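One-letter residues, chain by chain:
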Amino acid sequence: MTGSTGSTPSPSPSPSRRNRRRTVTAAAILTAAAVTAAFALTLDGSDDREEKAGEPAAVTGSAVPAPADESLLALARRDASDPLAVGRADAPVVLIEYSDFQCPFCGRFARTTKPELLRSYVDKGILRIEWRNFPIFGEESEQAALAGWAAGRQKKFWEFHDVAYGKPRERNSGAFDAENLIAMAREAGVADIERFQADMASDRARSAVRADQEEGYNLGVTSTPAFLVNGKPILGAQPTATFEEAVETAADTAEAAGR
């Protein structure tokens with residue numbers, strides 16, 4: 001940082017400088033969270049044979065969440081019309097999730113932890129969950145992300161999400177090919193399949209997925225799932241209790257701050 005040490009106020013940073021600063025801060029926080037999670041994993045002696053050497057992998061174990069960063073609160077979009085979000089737009093706590101439909105750890109979170117969070121916090125107006133597409137496992141991940149976005153255009157994103165994560169699926173084996181994605185959309189209740197296919201293939205879909213992905217990369221996300229709970233990073237398929245503690249702490253902090 002440059003500048004004098006006198007009492008002359010420095011000019012306000014430009015939006016681009018503020019964004020760069022936030023990116024650097026967020027990346028540092030996520031790196032610290034990853035180190036903490038990896039250390040906890042080492043102590044735990046845990047292992048997951050579903051992961052393949054050299055591929056991005058979510059961290060498991062009993063990692064302690066990293067400290068919150070107030071500047072990351074601005075990443076919550078709080079758009080009441082966002083079909084890729086669930087919960088009140090003005091909920092005191094927002095959980096942002098960066099996920100890949102082919103990630104087994106993301107599936108574990110979707111099947112075990114998310115239902116508990118919906119029941120205990122979202123339904124009570126305490127928590128809002130905002131999804132970010134973060135496909136990292138290749139073409140099938142990309143197509144699944146586009147399909148999820150397209151389902152959202154017909155208000156069926158979360159139904160598609162639940163179908164896609166309904167059971168473990170072998171990665172890059174055709175489970176998310178065009179035919180199966182259409183079948184998932186039908187099962188999720190997507191009414192207009194022609195529109196679904198057109199939306200999937202649209203530039204708007206690709207732009208939306210790319211924007212989510214770039215947001216994650218700018219934060220330093222390199223594996224899935226990755227979460228921000230009111231700016232507090234949590235990496236990997238942590239136990240449900242870890243998320244419950246993070247949500248309750250964030251809710252208490254928000255109440256104390258009058259948010």
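That block above? That's the structure.
Predicted, not measured: the structure shown is a model, and the values here were computed from it.

(A) Geometry of the overall build of the protein chain. Scanning the protein chain from N- to C-terminus turns up 8 helices and 5 strands. Listing every helix and strand of the protein chain by position from the N terminus yields α-β-β-α-β-α-α-α-α-α-β-β-α. In the protein chain, which comprises 259 residues, the proportion classed as buried is 47%. By sequence separation, contacts in the protein chain at least 24 residues apart represent 79% of the contacts at least 6 residues apart. Of the roughly 12,900 Å² that the protein chain leaves accessible, carbon and sulfur atoms contribute 51%.

(B) Expanded view of the environment of A89. On the secondary structure map, A89 appears in the loop between β1 (85-86) and β2 (93-99). Overall, A89 belongs to the partly exposed group, its relative accessible area being 23%. Once residues lying within four places of it in the same chain are set aside, the contact partners of A89 are R78, A80 and R128.

(C) Inspection of the side chain of Q154 at higher detail. Residue position: Q154 is located in the loop between α3 (139-152) and α4 (157-164). Judged by its relative accessible area of 14%, Q154 is buried. A polar side-chain atom of Q154 sits 3.5 Å from the main-chain amide nitrogen of A191. In this structure Q154 touches V190, A191, D192, R195 and F196, once residues within four positions along its chain are discounted.

(D) Focus on the layout of surface pockets. Quantified by volume, the largest pocket comes out at close to 340 Å³. Contributing to the lining of the largest pocket are 17 residues, with D82, P83, L84, W149 and A208 lying nearest its centre. Elements supplying a minimum of two residues to the lining of the largest pocket: β3 (127-133), α3 and α7 (203-219). When residues of the lining of the largest pocket are assigned to their parent elements, the largest contribution, 5 residues, is made by α7.

Thresholds, definitions, all that
- Residues numbered from 1 in each chain as written.
- Predicted model: local features only at pLDDT ≥ 70, side-chain atom pairs only at ≥ 80, totals over all residues.
- Heavy atoms only, no water.
- Helix = DSSP H or I, 4+ residues; strand = E, 2+ residues; numbered from the N terminus.
- Buried < 20%, exposed > 50% of the residue type's maximum accessible area, 1.4 Å probe, protein only.
- Contact = heavy atoms within 4.5 Å.
- Areas by Shrake-Rupley, 256 points an atom, 1.4 Å probe, with all protein chains shown as cover.
- Polar contact = N/O pair within 3.5 Å; in protein donor to acceptor, adjacent residues only side chain to side chain.
- 1 Å grid on protein atoms, 1.4 Å probe; cavity = no way out; pocket = protein on both sides within 12 Å on 5 of 7 lines; lining within 4 Å.
- Points joined across faces, edges and corners; volume = space filled by probe spheres on them.

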